[in-house]
Amino acid sequence: MEGALMFAKEAKQGDVAIAPLVYLVDDDEDFREEMVSGLTRLGLNVRGLGSAAALYRAYSAMPSEIVVLDIGLQDEDGLSIAAHLRASQPVGIIMATARGSIDDRVAGLEKGADAYLVKPIDVRELAATVVALQKRVDRDRRVPTPPHAPQWALVEGGWTLIDGLGHRLRLTVSEQRLLGCLFRERGKTVDRSVLVEAMGADVYDFNYAHLDTIVSRLRRRAKKLNMLLPLHAIRGQGFTFTD
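Draft legend 1. Structural context of the overall build of the protein chain. Scanning the protein chain from N- to C-terminus turns up 10 helices and 11 strands. Scored against the burial criterion, the 243 residues of the protein chain give a buried share of 43%. Taking as baseline every contact in the protein chain between residues at least 6 positions apart, the subset at least 24 positions apart corresponds to 58%. Accessible surface, the protein chain: about 12,900 Å² in total, of which carbon and sulfur atoms supply 51%.

Next comes the structure, spelled out in structure tokens:
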């Protein structure tokens, strides 16, 4: 595709960044390698990653301009990842998935995706989408942003969650114990059984679906106050508070 092949040549002399850094996250190794190889041939700077955990590690070390996400990852739903990335900084998000229903498309866009592509995907279409999104991300990054990112903390004896931007959320007993445990292990994945124990429940006689309900309710309450929690479910393991 000529547009993508010429991407690097279109940069003005003296520019530091020639092509956008793209993280492509998909646990299908064949698809991941095919797309990474094809996008690289078309002049893009792409790194393939096989899991949400790998993405978070890479993104923490070096944020990318574009992230291409599959929804059905093994360790975390791609929609959850999109919501988290959208809250962090200007970034182009492309969903690349086999889920093609209208409901899936709407859910992807509502979670922050800029584009939604359904497999099988032609590498030229993906390259064109990446280049178009890069132009939008560049415009967004030229807009002044607040000097300080949200600084999450528990105050008032751990009963109030604040984000450093003036938002405050009064916690219930279960939420206070849950977040207290997650804050003590900030950035690490905390096993579900550890969280249940921290809430004072019996790990052997507890409906673990109730834990998901507590987290979901906490997110909804925070969202009503314009607080988007960096609280993530790690499939088969537990939860993490990353910020």
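Draft legend 2. Expanded view of the pattern of salt bridges. Summed over the entire model, instances satisfying the criterion amount to 8 salt bridges. Among the salt bridges present, the one from aspartate 26 reaches lysine 119, with a minimum N-O distance of 2.7 Å. Taken together, the residues span a long stretch of sequence, with aspartate 26 in the loop between strand S1 (21-25) and helix H3 (29-41) and lysine 119 in the loop between strand S5 (115-118) and helix H7 (123-141) at a distance of 93 residues. Under the relative-accessibility criterion, aspartate 26 is labelled buried at 1%. According to the relative accessible area criterion, lysine 119 is partly exposed, its value standing at 21%. With a closest N to O distance of 2.5 Å, glutamate 175 and arginine 221 form a salt bridge. Of this pair, glutamate 175 sits in helix H8 (residues 173-184) while arginine 221 is found in helix H10 (residues 209-224), placing the two residues 46 residues apart along the sequence. What you see here is one network of salt bridges that share partners, running through Asp26, Asp70 and Lys119.

Draft legend 3. Just the nonpolar core, in detail. Core analysis: the largest hydrophobic core is formed by 24 residues, its most contacted members being Leu161, Leu178, Leu179, Leu182, Leu195, Leu211 and Leu231. Residue assignment for this core shows that the elements contributing at least two residues are H8, helix H9 (192-198), H10 and strand S11 (238-241). If near-sequence neighbours (up to four positions away) are discounted, leucine 231 is found in contact with Leu182, Val215, Leu218, Arg219, Phe239, Thr240 and Phe241.

Draft legend 4. Structural view of the pairing of strand S10 (residues 231-234). Pairing between S10 and S11: 4 bridges, direction antiparallel. Considered in S11, the bridge of leucine 231 is made with phenylalanine 241. Where S10 hands over to S11, the hairpin turn is made up of 3 residues, of which glycine 236 adopts a positive phi near 80°.

Draft legend 5. How the structure looks around the side chain of threonine 97. Summarising the element assignment, threonine 97 is placed in strand S4 (residues 92-97). Among the residues examined, threonine 97 registers a relative accessible area of 2% and is labelled buried. At a separation of 3.5 Å, a polar atom in the side chain of threonine 97 contacts the side chain of aspartate 70. Here threonine 97 is in contact with Asp70, Ile71, Tyr116, Leu117, Val118 and Lys119, once residues within four sequence places are set aside.

Draft legend 6. Expanded view of the packing of H8 against H10. Running from N to C, H8 and H10 point in directions that differ by 95°, and their axes come no closer than 11 Å. As judged from the angle between their axes, H8 and H10 are roughly perpendicular. Two secondary-structure elements touch here, H8 through Ser174, Glu175, Leu178 and Leu179 and H10 through Leu211, Ile214, Val215, Arg217, Leu218 and Arg221. Tallied by class, the residues present in the contact of H8 with H10 amount to 6 nonpolar, 1 polar and 3 charged.

Draft legend 7. Focus on unusual backbone geometry. Following lysine 119, the chain continues to proline 120 via a peptide bond in cis, the omega torsion being 0°. Locating proline 120 in the fold gives a position in the loop between S5 and H7. Here the phi dihedral of glutamate 156 falls at roughly 55°; this positive angle occurs in a residue that is not glycine. Mapping glutamate 156 onto the fold places it in the loop between strand S6 (153-155) and strand S7 (160-162). Look at asparagine 226: it is not a glycine, yet its phi comes out positive at around 65°.

Cut-offs used in this document
- Residues numbered from 1 in each chain as written.
- Predicted model: local features only at pLDDT ≥ 70, side-chain atom pairs only at ≥ 80, totals over all residues.
- Heavy atoms only, no water.
- Helix = DSSP H or I, 4+ residues; strand = E, 2+ residues; numbered from the N terminus.
- Buried < 20%, exposed > 50% of the residue type's maximum accessible area, 1.4 Å probe, protein only.
- Contact = heavy atoms within 4.5 Å.
- Areas by Shrake-Rupley, 256 points an atom, 1.4 Å probe, with all protein chains shown as cover.
- Salt bridge = Lys/Arg side-chain N within 4 Å of Asp/Glu carboxyl O.
- Core = buried A, V, L, I, M, F, W, Y, C linked by side-chain atoms within 4.5 Å.
- Pairing = 2+ DSSP bridges.
- Polar contact = N/O pair within 3.5 Å; in protein donor to acceptor, adjacent residues only side chain to side chain.
- Axes fitted to C-alpha atoms, helices over the stretch in contact; angles between N-to-C directions.
- Parallel < 35°, antiparallel > 145°, perpendicular 65-115°, else oblique.
- Nonpolar A, V, L, I, M, F, W, Y, C, P; charged D, E, K, R; others polar.

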